Amino acid sequence: MRKLFLFFLLIPCLLTAQFNEYNPEYDWYTLKGEHVFVHYHPEAERTARTVLKIAEEVWEPITSLYGYEPETVHFAIKDIDDYSNGATYFFDNKIEIWASALDFDLRGSHNWLRNVISHEFTHMVQIQAAMKVGRRVPAVYLQFMNYEDKRRPDILYGFPNFIASYPIATVNVPAWFAEGTAQYMRKEFNYDNWDTHRDMILRCYALDGKMLTWNQMGVFGKTSLGNESVYNAGFALTRYIAQKYGEDKLVEINNRLKELTNFTIDAAIEQTLGISGKQLYSEWSEFLRKDYRERIGKVLENRIEGELITPVGFGNFYPSFADDGSKMVYVSNKFSDYFGISSVYLYDFKSKEEKLLVPMVRSTVAFIPGTDKIIYAKLSDDNPRWNNIHDLYVYDISEEESTRLTYGLRANNPNVSHDGSKIVFLFQKDGTTNIGTVDINGKNFKQLTFFNNGEQVYNPKFSPDDSYIVFGYSLKNTREIARVDTNGTGYEIIIQNGYDNRDPVFDGDGNLIFASDMTGIFNLYRYEFDSHRTTRISNVVGGAFQPDIDNEGNIIYSGYTSDGFKIFFLDKENQLKVDDDKKYVWVGNPPLGKDKPKGDLARFDIERLKNYNDTELPDVEPSRYSGYFSRFSIIPFIRYDNYITSNSFADRIKPGIYAASSDYLNRFSIFGGGAINKKFERDLFLSFEYRDKLPLLYQLGLKPEVGIELYSVSRKTNTDIIFDSLDTSLRTSTDVTYNLFEADFFARQKIITAGNMLEFRYVYSSYTATLEAFIFPNTSLLYPSTNDTYYIGNDFQLKFSHDGIIPTKDSDINPVGRKIELKYDYEFNRYNPDGSYEVADGILKPIYKNYNFHRIELNWKEYMRVYMEHTLTAQIRAGSILGPDVPEFFDFYLGGLIGMKSYPFYSVNGNEVAWVNLTYRFPLLKNIDTRLGHLYIDKIYMSVYADFGNAWNGNRVKLDDFKKGAGLELRIKMNSFYLFPTSLFFNAAYSFDRFTRTILNEDVTYGKEWNFYGGILFDFNF
């Protein structure tokens, strides 16, 4: 019964929050421009100044295209973790940029900051221009709450059994259109373009009949490859619309999305182009298939790609031969849904067997010559600032042991010298990468290149005599192959031809084997240093990357297909069979007749934007970051709250509002809300979180997040007041308002690594009944309205939680992994358990008793994959209130929506609790790919489960007293308005054991009955 009023008070919240953790280790400064403020820490100053320059330069051309100009945009620049991304918070006017340049196997070579700034700022402008009521109101929520039959006479109302919180969005831009226009930006910039990587992905899909459908293009929630395909398809379709129908149609479609009555892109397209969205998709996809078939024809006549040797997984990378060529190591995501969940594997060419060596590795990997050891890089937060950065490791295959070599070096993509004495790698600082070396033991770091203007280097390799290093180099939209001597001198470009040239490695004759997109498709080439002759040695339909060569001249490489990246084996003989005339017809940006620039471009110096020089940065005086808060986002809601069946319809309607804001670095955040109905029953809450430095704790190396949560809730009903339980004439009744106030003060700290959290919380609670005036029994004395505080609680809580859920595209509907929560509470409370009162000095006062006790509780959920998408979940809950029995007000409750669903929430309770649940979950329907108006239906899962549990008092417990139940659940995963994840669930559970409880002299029977639950929320976790 405790905290019932608080439970689900926050269910509707969630402003589709985007996580961005603040690290108090860093000082922050601000650069102020005309239109943007750039916030940064000193380690990222070059990046910050470059961002300021780019953002100011692209502001007017982009805002001019859409005829919309946002308020001041705040950029937050980070160079804390080895992570690369950009994120637009379009309701907050905030853009986050990570300084590390994106080196993604599904993307080509572009200047990182020019690309990401223009991309994210286009998001800001285009999406805000499409908002129906402005950025302050992201959505309006419709909510519904229904409750169990209360049954028990001591319960005001039952526990929730149906919960719905559904957003009516004020913006509805599909993923393909948002990402397509962001990549299109202003095409004259050429900061992003239709490169050979994008063409590769779409070409393979189109030729093999695997293109995303019209509905699938609208939402994310796919694998790494699937999500990237949303980008590619969106860019291609956006370009198609601009080229065939005119660039102005992109803006018109966007403006149509702003109309209050338009909730799908289909309506906006039909109003703009005169054809439906599906007709546009059909027209475009047919054009692609026909065009690609014609241009790939000659490649199919002379297809040279070798033997596929790793069919499993769509992310197989960095193959590397052992000394004798009998084995190779490579990195693969195997059955995972994302590239980031990759591991190192050892493959035996003779037996064709493979073995997992090192989990969670995404870098290059290479053998140490003459040994059974490999070198690789791995992310770790084991460093003084707890940053998630790369360091070098060695793994001994024979001993099955891994040893860390470097600490805090940010070293990635390692390779080993032929004499086995040196490791070469790249490292990153302030958005620039450079080449460095260490000895094979990780000592004696030496920097070989000294770039400092955003240059990028890739995949370094030693020359045959170990005298110099070759590597990829990029600054703008191409990639060259360069070299530098191992003493740091002799830097020069080896191959520079205007194409994307990458992944160099030497063959046995000292020639360079590398990948290049010279034909419009990435193929493998041999470059002879003496003659400077380049020869193509593969002819693939997808793409060929990351070659390695053995002593016999055979090549292994990562090849792209419509099923992702696979490892291929290309023998020496077939490398000689390539007909150089049989190649792909590369078009790039085919004109379709109406691709005319808007006249507004005459106002801007486009040539200067295209031929930029970002070594010249603005000389702006920085100021200390003083804390800039976003405008409050306001979310109105209307809640139908059916907690008291005697309430009228009007009483059940409870309108309210949520409000949220945070500073632009996420140091502080505030979130609150309130609702009230016609009876003036209220639901109020306020949460404030602080993530900056705390004196003393910070000096001890602790960086906890602290905060306070306040709740104030009221409910009204009628109650009896008993003066003498043996004399019925000494009782009366009156109206009463129950008021709950709670204040939570908390501090939470990450423990060792992400996913482990330790939280300390102090909770103060006060439950008050406000009694209306009444006449004392057998008298004419009127007792005035008064407040009766019947519970004053204090709780010190320590909680450890572990979240080990493996990231998958189905992790919300069908998780795999582990969750653990262990709680310890020390409570000291004052409580009036019997509702007894005394009259003192003419005032009615509750008779308190003190209840001080220790409480411990464990919740463990183990989600195990059984077969493909089938999982078995084992859940254990165990809890105990230590010491003598305390009143049931403090009990554990076992049943209901959040527990053993076979029994109502209040039916099973006690000072001790034990519960085991087994759930088998499997897909009923997948890839449904159906859209009903603004609602996209993706997948349906079903589960069956069994429960065994009980709650009791005292030391003796009998297994015969444990309750048994079983049930089934249906989960439907959807998406609303292209933006909001929507999770619909139905649950039916049957209880096998019937039992009767006597409460307030009334018998209440439970068991051998069905209980039903349901809800519509953002996900399936409560």
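## What about the overall build of the protein?
When helices and strands are counted, the protein shows 11 helices and 57 strands. The principal-axis extent of the C-alpha atoms belonging to the protein is close to 115 × 70 × 55 Å. Here the protein holds 1022 residues, and 60% of them are scored as buried. Within the protein, residue pairs in contact and separated by at least 24 positions form 59% of the contacts whose partners lie at least 6 positions apart. Within the structure as shown, the protein displays about 41,700 Å² of accessible surface, and the carbon and sulfur contribution to it stands at 54%. For the protein, the distance from the average site of its 112 positive side-chain charges to the average site of its 135 negative ones is 3 Å.

## A word on the pattern of salt bridges
Taken as a whole and assessed by the stated rule, the structure comprises 82 salt bridges. A salt bridge links Glu709 to Arg761; its shortest N-O distance comes to 3.1 Å. Here the residue Glu709 occupies a position in strand S37 (residues 705-722), and Arg761 occupies one in strand S39 (residues 756-771), the gap between them amounting to 52 residues. Here Asp810 and Lys939 are joined by a salt bridge, their closest N and O atoms 2.4 Å apart. Note that Asp810 is positioned in the loop between strand S42 (786-803) and strand S43 (817-831) and Lys939 in strand S52 (residues 935-952), a separation of 129 residues in sequence.

## Some details on the nonpolar core
The biggest cluster of nonpolar side chains holds 128 residues, and the ones touching the most others in it are Phe75 and Trp284. Every residue in contact with Phe75, bar those within four places of it in the chain, is listed here: Val36, Phe37, Val38, His39, Val51, Ala55, Ile95, Ile97 and Ile117. Residues Leu740, Leu894, Tyr903 and Val908 belong to the second largest nonpolar core, which totals 30 residues.

## So, a nonpolar patch on the surface
Side chains of Leu758, Phe760, Phe796, Leu798, Phe800, Leu822, Tyr824, Ile856 and Leu882 sit close together on the surface and give an oily, nonpolar patch of about 710 Å² of accessible area. Mapped onto the nonpolar patch, the elements with two or more residues apiece are S39, S42 and S43. Among the elements that take part in the nonpolar patch, S42 stands out by supplying three residues, more than any other.

## Notes on the sheet that holds strand S8 (residues 307-308)
Ordered in space as S8-S31-S30-S29, the four strands form an open sheet in which the pairing is antiparallel. On the outer flanks of this sheet lie S8 and strand S29 (543-549), each paired with one strand and no other. The pairing of S8 with strand S31 (residues 564-570) spans two bridges and is classified as antiparallel. Along S31, the bridge assignment pairs Leu308 with Phe568. Strands in contact with helix H4 (residues 196-207) are S29, strand S30 (555-561) and S31; relative to S30, the strand with the most contacts, it is inclined by about 70°.

## Thoughts on H4
The terminal C-alpha atoms of H4, which comprises 12 residues, lie 16 Å apart, in line with the 16 Å expected from a rise of 1.5 Å per residue. By the burial criterion, the buried members of H4 are Thr196, His197, Arg198, Asp199, Met200, Ile201, Leu202, Arg203, Cys204, Tyr205 and Ala206. A side-chain oxygen of the first residue of H4 lies 3.1 Å from the backbone nitrogen of His197; this N-cap is Asp195. One or two steps after H4, the chain reaches Gly209, where phi turns positive at roughly 65°.

## Quick notes on the sheet that holds strand S9 (residues 316-321)
Strand order in the open sheet made by the four strands is S9-S10-S11-S12, with antiparallel pairing throughout. This sheet does not close on itself; its edge strands, each paired only once, are S9 and strand S12 (354-358). On average, adjacent strands in this sheet sit at an angle of 25° to one another, irrespective of strand direction. Bridge analysis of strand S10 (residues 327-332) against strand S11 (residues 343-348) gives six bridges, and the strand direction is antiparallel. In the sheet register, Ser332 faces S11, and the bridge partner there is Ser343.

About the thresholds
- Residues numbered from 1 in each chain as written.
- Predicted model: local features only at pLDDT ≥ 70, side-chain atom pairs only at ≥ 80, totals over all residues.
- Heavy atoms only, no water.
- Helix = DSSP H or I, 4+ residues; strand = E, 2+ residues; numbered from the N terminus.
- Buried < 20%, exposed > 50% of the residue type's maximum accessible area, 1.4 Å probe, protein only.
- Contact = heavy atoms within 4.5 Å.
- Areas by Shrake-Rupley, 256 points an atom, 1.4 Å probe, with all protein chains shown as cover.
- Lys, Arg positive; Asp, Glu negative; His and termini not counted.
- Charge placed at Lys NZ, Arg CZ, Asp CG, Glu CD.
- Salt bridge = Lys/Arg side-chain N within 4 Å of Asp/Glu carboxyl O.
- Core = buried A, V, L, I, M, F, W, Y, C linked by side-chain atoms within 4.5 Å.
- Patch = residues over 30% accessible without salt bridge, like charges linked within 9 Å, V, L, I, M, F, W, Y side chains within 5 Å.
- Pairing = 2+ DSSP bridges.
- Axes fitted to C-alpha atoms, helices over the stretch in contact; angles between N-to-C directions.
- Expected span 1.5 Å × (residues − 1).
- Polar contact = N/O pair within 3.5 Å; in protein donor to acceptor, adjacent residues only side chain to side chain.

So yeah, pure geometry; function would need other evidence.
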